[in-house]
Amino acid sequence: MQPDIIQKYNKPVPRYTSYPPANFFAAFTADDYLQAVDASNDAQQNNISFYLHMPFCRHLCHYCGCNSYPLSNMDTMTDYVRALHREIDLLAPHIAAGRKISQIHYGGGSPTAVPIPLIRELNEHLLSIAPAIEQPEIAIECHPGYLTAEDWQGLIDCGFTRYSLGIQDLRAEVLKTVNRRPSLLPVDEILQILRASGATVNFDFIYGLPLQTADSFRETIEQAAAWRPDRLVTFSYAHLPKLFPRQQILDRVGLPAESEKNRMYELASEVLCGAGYQPIGLDHFVLPEDELAQALAKGQLHRNFQGYCTRRTTAQVYAFGVTAISQLDDAYAQNGRDIQAYISAINEGRLYTARGYRLSAQEKLVREVVETLMCNYALRWSEVAAHIGSTPEMLREACGYDEAVMQEMAADGLITLTPDTITVNTEGRPFVRCVAAALDPLMRHTDKNFSKPI
């Protein structure tokens, strides 16, 4: 793609891990949340997904934009985990009988900063609430910098079926600069341990960090592809120092130029596609036999805050812990961020809901359009309309469809248009967020902050 086209579209837009994006959330009460939970029992897609936010880290990486807190003492962590159990018990009576668990996901922070026996107890508690589907996805984000072979085996014994390893880069100088501890065990040894359990393994990397170059990142991805994980993720570093002050440290070191960062993505994509991986969504690459690749081939790929998923595992998401976001059919609800206030509220028998959003009928239509395009790089108006019981005309009206804007994107090579379809071209895929934003009425006049696609 020509540099002038890249510059034209590399403007801040939402990541669309939800619609509307989380920075549109407003005041929302526990009663609002429980009403949405009760309504979610009758949703068309009513499998159950549980998300647990583990906010603790052994130390904080300078690039981090997550809701993370330095681990100060084990007593706080133990109290926090007890509160998670109590929050689960507060919510469980609102989940109707007959529904099934399709996903459990631990995010952070660093979930593996929590002692593994406590994680095992949480899994057992969640799986006691409802039966699981056949082959549920039970996933955890892992910091490999602190885990021994015994620790990895302990996680296997907890019943996890997918592991995301936050490797970020293979060069010691890059990791040192961003305050990230390298893997304690050789990465290929960890992969062998987890593969023996039959689990799916993700390797996660970040591009756009200080000291990275296009050539060095290509070498990192070449090595990662040679190890052959099931999935490999290349996250674009989102530099938002006003929102995350710790990122200001990286300004003093210096970040790669935008053109160099773009080249990192291009080379990584070339390496992975050449190694037989298939691109999924914004940043994932998977082996052809992966169920995500099969779902994409059918135009049935979905995603939630936890990542990409299939219709088999798509579910209503009920989230626990500080800043955790529940993602339901009609609403989003997010807990507050203060750990001690969370523990106190839960111990008093009160949910800690702080923010949220109730979707209008129009926004639910737009959400279906945006999610379909973001996940599948293609949108057939008639199919989306049939799936949700609407019409193509109603969908276009809800989105404020502007033919001139779409034609301009087509002329610039981002998309291909027909009367019933929008297809994001291969070269345009890094800017699928821009195409989605053009179909989003909330983006017409907004003062919200977002990151650039590249």
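### Some points on unusual backbone geometry
Trans peptide bonds make up the majority, and among non-glycine residues the majority have a negative phi. Here Tyr19 and Pro20 are connected by a cis peptide whose omega angle stands at -5°. Mapped onto the fold, Pro20 is located in the loop between helix 1 (3–9) and strand 1 (26–27). Gly108 connects to Gly109 through a cis peptide bond whose omega is 20°. Its location among the elements puts Gly109 in the loop between strand 5 (101–108) and helix 4 (116–127). We note that Leu211 has phi near 75°; this positive angle belongs to a residue other than glycine. Inspection of the secondary structure assignment puts Leu211 in the loop between strand 8 (200–207) and helix 8 (214–227). The phi dihedral of Arg228 is positive, around 65°, even though this residue is not glycine. Residue placement: Arg228 occurs in the loop between helix 8 and strand 9 (231–236).

### So, the pairing of strand 6 (residues 132–142)
Of the strand pairs in this sheet, strand 5 and strand 6 are connected by five bridges, and their pairing is parallel. Following the sheet pairing, Gln103 is matched in strand 6 by Glu137. Since strand 5 and strand 6 lie parallel, the crossover through helix 4 that links them has a hand, and here it is right-handed. Note that strand 6 and strand 7 (residues 162–168) share four bridges and pair parallel. Across the sheet, Ala139 pairs through a bridge with Arg162, a residue of strand 7.

### Describing the nonpolar core
Ranked by internal contacts, the top residues of the largest apolar core, which has 80 residues, are Tyr106, Trp152, Leu155, Tyr163, Phe203 and Tyr318. Beyond its immediate stretch of four places on either side in the chain, Tyr106 contacts Tyr51, Leu52, Met54, Pro111, Ile119, Leu122, Asn123, Leu126, Ala139, Ile140, Glu141 and Phe160. Leu292, Leu359, Met374 and Val432 belong to the second largest nonpolar core, which has 53 residues in total.

### Examining the pattern of salt bridges
According to the stated counting rule, one finds 18 salt bridges in the structure shown. For Arg162, the salt bridge is made with Glu137, and the minimal N-O distance between the two is 3.1 Å. With Arg162 in strand 7 and Glu137 in strand 6, the pair connects residues that are 25 residues apart, well separated along the chain. Between Asp215 and Arg218 there is a salt bridge, with its nearest N and O atoms 3.8 Å apart. Here Asp215 pairs with Arg218, and both are found in helix 8, just three residues apart, close to one helical turn. We classify Arg218 as partly exposed; its relative accessible area is 22%.

How each quantity is defined
- Along every chain, residues carry numbers that run from 1 in the direction the sequence is written.
- Local features in a predicted model are, by the rule used here, given only for residues with pLDDT of at least 70; side-chain atom pairs are given and counted only at 80 or more, and totals for whole chains, interfaces and linings are based on all residues.
- In computing side-chain values, all of the structure's heavy atoms are included and hydrogens and water are not.
- Helix and strand assignments come from DSSP, with helices taken as H or I runs of at least 4 residues and strands as E runs of at least 2, each series counted from the N terminus.
- A pair of strands is treated as paired once DSSP finds two or more bridges between them.
- Crossovers are described as right-handed under a simple rule: with the strands pointing away from the observer, the path leading from the first strand over the helix to the second runs clockwise.
- Nine residue types can take part in a nonpolar core, namely buried Ala, Val, Leu, Ile, Met, Phe, Trp, Tyr and Cys, and a core is a set of them joined through side-chain atoms within 4.5 Å.
- Burial classes follow relative accessibility: with a 1.4 Å probe on protein chains only, a residue under 20% of its type's maximum area counts as buried, one over 50% as exposed, and anything between as partly exposed.
- Every residue pair with non-hydrogen atoms within 4.5 Å of one another is taken to be in contact.
- Here, a salt bridge means any side-chain nitrogen of Lys or Arg that lies within 4 Å of a carboxyl oxygen of Asp or Glu.

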